[in-house]
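# Observations on chain architecture
Listed below, chain by chain, are the residues.
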Amino acid sequence: MEYELTEHLTEHPALTDQVDTETEDLVTDQVDTETEDLVTDQAQRLQSLTEHQGKIVMFCDVPRSVAAMMDELGLTHRTFFRRNHLEPLLRGGVLRMTHPERPNHPDQAYVLTEDGAKLKVRRVNGEAGKDNEN
């Protein structure tokens, strides 16, 4: 048995899977070459550090737990700490997880990346330079 579409379905242009070349607002999964604000897994460059983030950079030359970092900073709200201080450092490539394959690992800790260590050296040298000027 062979089926055919009725005449009203075959004549209507909107009921086709073919793209009309004059249509401008198509939804597509293709990236527009002029798009600048793409979401990416690439490390985002940090523009500046908060006071707490600067202290974390100075403190995490060895692996530290979230609890140890929060104690060092005198903070008690874990969600606020993660969202405003820890996650930007992770996204920026300053810190890395010791167990990246299991973010909720019971022994999860955070340590400076190579870029984070360079940042720490620049901060130490910058602070030493300020001390020498006084």
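Now for a quick tour of the structure. Sequence order as written defines residue numbering, which begins from 1 separately in each chain. Owing to the predicted nature of the model, reporting of local features is limited to residues with pLDDT of at least 70; listing and counting of side-chain atom pairs is limited to 80 or more, with chain, interface and lining totals taken over all residues. Side-chain metrics rest on all non-hydrogen atoms present in the structure, leaving aside hydrogens and water.

Let's shift gears to the packing of helix H2 (residues 51-59) against helix H3 (residues 66-73). Where helices are involved, their axes are fitted lines through C-alpha atoms of the stretch in contact, as for all axes, and angles between N-to-C directions lie from 0 to 180°. The way it works is that DSSP assigns letters per residue, a run of H or I at least four long becomes a helix, a run of E at least two long becomes a strand, and they are numbered from the N terminus. Across the interface, H2 lies against H3 with an axial gap of 10 Å and an inter-helix angle of 120 degrees. In this view, H2 runs oblique relative to H3, as classed from their interaxial angle. Classified by chirality, the crossing of H3 by H2 is right-handed. For the pair formed by H2 and H3, the contact residues are His52, Lys55, Ile56 and Phe59 on the first element and Ala68, Met69, Glu72 and Leu73 on the second. Here the term charged refers only to Asp, Glu, Lys and Arg, the term nonpolar to Ala, Val, Leu, Ile, Met, Phe, Trp, Tyr, Cys and Pro, and the term polar to all other amino acids, Gly among them. Across the contact of H2 with H3, the residue classes tally to 5 nonpolar, 1 polar and 2 charged. Geometric relationships in this document are graded by angle, where less than 35 degrees denotes roughly parallel, more than 145 denotes roughly antiparallel, 65 to 115 denotes roughly perpendicular, and other angles denote oblique. Each crossing gets its hand from how the near helix is turned against the far one by less than a right angle, where anticlockwise is left-handed and clockwise is right-handed. The contact definition used throughout considers only heavy atoms, calling two residues in contact when any of these lie within 4.5 Å.

Turning our attention to the nonpolar core. Working definition of a nonpolar core: buried Ala, Val, Leu, Ile, Met, Phe, Trp, Tyr and Cys residues. They are joined through side-chain atoms within 4.5 Å. Type-normalised accessible area, obtained with a 1.4 Å probe on protein chains alone, sets the label of each residue: buried when under 20%, exposed when over 50%, and partly exposed for intermediate values. Core analysis: the largest hydrophobic core is formed by 17 residues, its most contacted members being Ile56, Cys60, Val66, Met69, Phe81, Leu86 and Leu95. Looking at this core, the elements with two or more residues in it are H2, H3, helix H4 (78-91) and strand S2 (110-112). Looking at this core, the element that brings in the most residues is H3, giving 4 residues. Those residues within four positions of phenylalanine 81 in sequence are excluded, and the remaining contacts are Ile56, Val66, Met69, Met70, Leu73, Leu75 and Leu86.

Below, the discussion takes up the pattern of salt bridges. One side-chain nitrogen of Lys or Arg within 4 Å of one carboxyl oxygen of Asp or Glu is enough to make a salt bridge. One pass over the structure, following the stated rule, counts 3 salt bridges. When the shortest N-O distance is used, the salt bridge between lysine 55 and glutamate 51 registers 3.5 Å. With a gap of 4 residues between them, lysine 55 and glutamate 51 both fall in helix H2, about one helical turn apart. Lysine 55 sits in the partly exposed class, given a relative accessible area of 40%. What makes glutamate 51 exposed here is its relative accessible area of 59%. A salt bridge links lysine 118 to glutamate 114; the nearest nitrogen and oxygen atoms lie 3.6 Å apart.

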